[in-house]
Amino acid sequence: MKLNYHHLYYFWQVAKSGHLTRTAEALHVSQSSLSHQIRQLEERLGQALFVRAGRRLELSEAGRLAFDYADTIFRQGEELTALFTEGGHAHREVVRVGAVATLSRNFQEGFLRPLLERNDLELSLHSSSLDDLLRRLSAHQLDVVLANQALQGNDQHPWRSRRLARQSVSMIGAAHLAPCFPDGLRQHGLIVPGPDNATRHAFDQLCEYHRLSVNIVAEVDDMAMMRLLTRDTHHIAIMPPVVVRDELSAGTLKDFGALPGVFEEFYAITIRRQFESPSVQALLNQSADTLLAAAQR
């Protein structure tokens, strides 16, 4: 018996959303009808395609494999439609990258630089919380997630973490200030990353080791906001210099030295795929020196 591509299409849509009810509403079919057709596909393939995780449906191992095939089939169908009805370009690759909201924009730009001048592909960029991005990654809605922490994968979540680069974290402030480590941390108000940030953990350990009592005036998760606060106040920020590269070049801010043992690490999180995108692999294979140099431009 041949594969029913109508069933496969419904499976593809549910896999992308992770919700049966939401997908049924979007497709204007009943939830029971949608569920029945997916069960028919599972019976045809002889494999369970989903596992339930709370209120969400997540792909099983067989489901991830089926999704790769379905994604290729239906995306090529969309390309074919675009080619004849909208003048689109056939075989135009889409690279979908997610980044946690706290990650340096300068680093993200440096990471994506090899693809920015290409006319044969489309970049789709997303910024959100790590949990949301991982959900989209598991549903094959993203190709790679950029984060500042590594994740340990398991059978249910086959994540793979690759450290892309590591950079030092400095004391950054207005050029007329002159803080020195460690006393400068006591003498000035500090702008620091939020308590869930890996860099913050390293900074807290440094203060504990040197028995430093510091005055934290702001905890900031968003690097763009930290940059603004550092520029517009007389406080010292604990951040990687790449975040304020323009201000450092202009002389409005100054790097007063790297903090010993405090680093920000950049990771690319992916999942195992049958079809690995050469464009994504090219991004992941960039050297740490290349990435950090690109981020400094």
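Residues numbered from 1 in each chain as written. Predicted model: local features only at pLDDT ≥ 70, side-chain atom pairs only at ≥ 80, totals over all residues. Heavy atoms only, no water.

**Student:** Where do I start with the sheet that holds strand β7 (residues 189-193) in this structure?
**Tutor:** Within a sheet, neighbouring strands are paired by backbone hydrogen bonds and run either parallel or antiparallel to one another. Judged by pairing direction, the sheet is mixed, and its 8 strands sit side by side in the order β4-β3-β5-β10-β6-β9-β7-β8 without closing on themselves. Every other strand in the sheet has two partners, leaving β4 (121-128) and β8 (215-220) as the edge strands with one partner each. The average undirected angle you get between the axes of adjacent strands in this sheet is 25°. Across 3 bridges, strand β6 (residues 159-174) lies against strand β9 (residues 236-239) in antiparallel orientation. Counted as the bridge partner of I172 is A237 from β9. Against the sheet, helix α8 (residues 198-209) touches β6, β7, β8, β9 and β10 (253-271), its axis set at about 140° to β10. (Pairing = 2+ DSSP bridges. Helix = DSSP H or I, 4+ residues; strand = E, 2+ residues; numbered from the N terminus. Axes fitted to C-alpha atoms, helices over the stretch in contact; angles between N-to-C directions. Contact = heavy atoms within 4.5 Å.)

**Student:** Can you walk me through empty space enclosed by the protein in this structure?
**Tutor:** Empty space among the atoms can be located by rolling a probe the size of a water molecule over them. Under the defined criterion, the tally for this structure stands at 2 cavities of 30 Å³ or more. Estimates place the volume of the second largest cavity at around 30 Å³. Forming the walls of the second largest cavity are P193, N197, T199, M223, I238, M239, P240 and E264. By residue class, the composition of the lining of the second largest cavity is 5 nonpolar, 2 polar and 1 charged. (1 Å grid on protein atoms, 1.4 Å probe; cavity = no way out; pocket = protein on both sides within 12 Å on 5 of 7 lines; lining within 4 Å. Points joined across faces, edges and corners; volume = space filled by probe spheres on them. Nonpolar A, V, L, I, M, F, W, Y, C, P; charged D, E, K, R; others polar.)

**Student:** Sorry if this is basic, but what is going on with the confidence of the model for the protein here?
**Tutor:** Predicted coordinates in areas of low pLDDT are best not read in detail. Scored by pLDDT, the protein comes out at a mean of 86, with 92% of its residues at no less than 70. Below a pLDDT of 50 lies the segment residues 86-90, which in the model reaches 6 contacts outside its immediate sequence neighbourhood of four places, other chains included. (pLDDT = per-residue confidence, 0-100.)

**Student:** Would you mind showing me how to read the packing of helix α2 (residues 20-27) against helix α3 (residues 31-45) here?
**Tutor:** Two packed helices can be described by the angle between their axes and the distance between those axes. Following both chains from N to C, one finds α2 and α3 inclined at 105°, their axes separated by 9 Å at the closest point. The orientation of α2 relative to α3 falls into the category roughly perpendicular. Judged by residue contacts, L20, T21, T23, A24 and L27 of α2 engage Q31, L34, S35 and I38 from α3. For the contact of α2 with α3, the residue count by class is 5 nonpolar, 4 polar and no charged. (Parallel < 35°, antiparallel > 145°, perpendicular 65-115°, else oblique.)

**Student:** Would you explain helix α1 (residues 5-17) in this entry?
**Tutor:** One turn of the α-helix equals 3.6 residues, which is why residues spaced by three or four share an orientation. Its 13 residues give α1 an end-to-end C-alpha distance of 19 Å, which sits within 8% of 18 Å, the value for a rise of 1.5 Å per residue. Among all positions in α1, only H7, L8, Y10, F11, W12, Q13, V14, A15 and S17 are buried. Two or three places before H6, at the start of α1, stands the capping residue N4, its side-chain oxygen 2.9 Å from that residue's backbone nitrogen. A positive phi of about 80° marks G18, the residue just after α1. (Expected span 1.5 Å × (residues − 1). Buried < 20%, exposed > 50% of the residue type's maximum accessible area, 1.4 Å probe, protein only. Polar contact = N/O pair within 3.5 Å; in protein donor to acceptor, adjacent residues only side chain to side chain.)

**Student:** What is the right way to look at the packing of aromatic side chains in this model?
**Tutor:** For the structure on display, the rule yields 6 aromatic pairs. Ring geometry for Y9 against W12: centres 5.8 Å apart, planes inclined by 50°, an arrangement best described as tilted. You can see Y9 and its partner W12 sitting in helix α1, 3 residues apart, about one turn around the helix. Plain terms: the ring middles of Y9 and F74 are 5.2 Å apart, the flat faces sit at 75° to each other, and that makes the pair edge-to-face. Of this pair, Y9 sits in helix α1 while F74 sits in helix α4 (residues 61-85), and the two are 65 residues apart along the sequence. Y9 sits in the partly exposed class, given a relative accessible area of 29%. Ring pairing ties together the aromatic residues Y9, Y10, W12 and F74, which thus form one cluster. (Phe/Tyr/Trp six-rings, centres within 6.5 Å; stacked < 30°, edge-to-face > 60°.)

**Student:** I'm lost on the layout of surface pockets in this one. Help?
**Tutor:** Each pocket or cavity is described by its volume, and for the second largest pocket that value is around 270 Å³. Taken together, 14 residues form the lining of the second largest pocket, with V100, T102, N148, Q149 and D196 sitting closest to its centre. Tallied by class, the residues present in the lining of the second largest pocket amount to 5 nonpolar, 7 polar and 2 charged.

**Student:** I'm lost on the side chain of Q286 in this one. Help?
**Tutor:** Summarising the element assignment, Q286 is placed in the loop between α11 (278-284) and α12 (288-296). Residues contacting Q286, with those up to four places away along its chain left out, are G110, F111, P114 and L291.

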